[in-house]
Amino acid sequence: MRKFMVVLDNSTECLNAMRFAAMRAQNTGARVEILAVIPPEEFNHWIGVGEIMREESRARIEAHYEIFAKWMREKHGVDPELVIREGEMVPEILSQIREDAEVDILVLGAATDRKGPGPLVTQLSKSSGSLDVPIVIVPGSLSKEQLEALS
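Residues numbered from 1 in each chain as written. Predicted model: local features only at pLDDT ≥ 70, side-chain atom pairs only at ≥ 80, totals over all residues. Heavy atoms only, no water.

1. Some remarks on the overall build of the protein chain
Here is the rule we go by: Think of it this way: any DSSP run of H or I at least four residues long counts as a helix, any run of E at least two long counts as a strand, and we number them from the N terminus. The cut-offs for exposure are 20% and 50% of the maximum accessible area for each residue type, with area from a 1.4 Å probe on protein chains only; residues under the lower value are buried, those over the upper are exposed, and the others partly exposed. Contacts between residues were defined by any pair of non-hydrogen atoms, one from each residue, lying within 4.5 Å. Per-residue accessibility takes into account occlusion by the displayed protein chains alone, with areas from the Shrake-Rupley method and a 1.4 Å probe.
Regarding its fold elements, the protein chain presents five helices and five strands. When its helices and strands are written in sequence order, the protein chain yields β-α-β-α-β-α-β-α-β-α. Each principal axis of the C-alpha distribution contributes one length, and for the protein chain these read about 50 × 35 × 35 Å. Going through the 151 residues of the protein chain one by one, you find that 44% of them count as buried. Sequence-distant contacts in the protein chain: of pairs separated by 6 or more residues, those separated by 24 or more amount to 73%. Working note: accessible area of the protein chain is about 8300 Å², and carbon and sulfur atoms make up 51% of it.

2. Quick look at the pairing of strand E4 (residues 103-110)
Applicable threshold: For two strands to be treated as a pair, DSSP must find at least two bridges joining them. Call a crossover right-handed when, viewed with both strands pointing away from you, the route from the first strand across the helix to the second goes clockwise.
Across the eight residues of E4, seven count as buried, placing the element largely inside the fold. Pairing between E4 and strand E5 (residues 135-139): five bridges, direction parallel. Looking across to E5, one finds that Leu 108 is bridged to Ile 137. Taken together, E4, helix H4 (residues 119-127) and E5 form a β-α-β motif whose crossover is right-handed.

3. Overview of the nonpolar core
The condition is simple: Only buried Ala, Val, Leu, Ile, Met, Phe, Trp, Tyr and Cys residues count toward a nonpolar core, and they belong to the same one when joined by side-chain atoms within 4.5 Å.
In this structure, Leu 8, Met 18, Val 32, Ile 34 and Val 107 are the most contacted members of the largest nonpolar core, which totals 28 residues. Top contributing element to this core by residue count: helix H1 (residues 13-28), with eight residues. Listed in part, the 17 residues of the second largest apolar core include Met 5, Val 103, Leu 106 and Leu 108.

4. What about the environment of Arg 19?
Topologically, Arg 19 is positioned in helix H1. In this structure, the C-alpha to C-alpha distance between Arg 19 and Ala 110, residues 91 residues apart in sequence, is 13 Å. Residues contacting Arg 19, with those up to four places away along its chain left out, are Trp 71, Lys 144 and Leu 147.

As structure tokens, then:
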């Protein structure tokens, strides 16, 4: 069964990527995997403090995930899966794709500002030729109606 992987982060473009993945999954009978990556610099403290910060990061991610998961379940009948990894964002995304053979498509949201499409799109598009899955880049400027028409 096809699985769309979406990266959960604090970017505004993440929202359109989530919407697109949920709508495509609903329309194609696929599943959605939501990947969150905790950067290593959050734990460069004493062991006890680092562990507390790790737990807090996981709790924040799970709360953020539940908002999207509830919306996907209620609106699109899709029950997403959450995967949390620790490390640098791009290497962890690439590792997750390699390790999860069910991931067929990586869905990323593109930023709408003048600085470019965002660091994930920029960095991952450089690796796209060596990836085993296609990357779908969803423009952040698309409306819900436009996303519905595309999916």
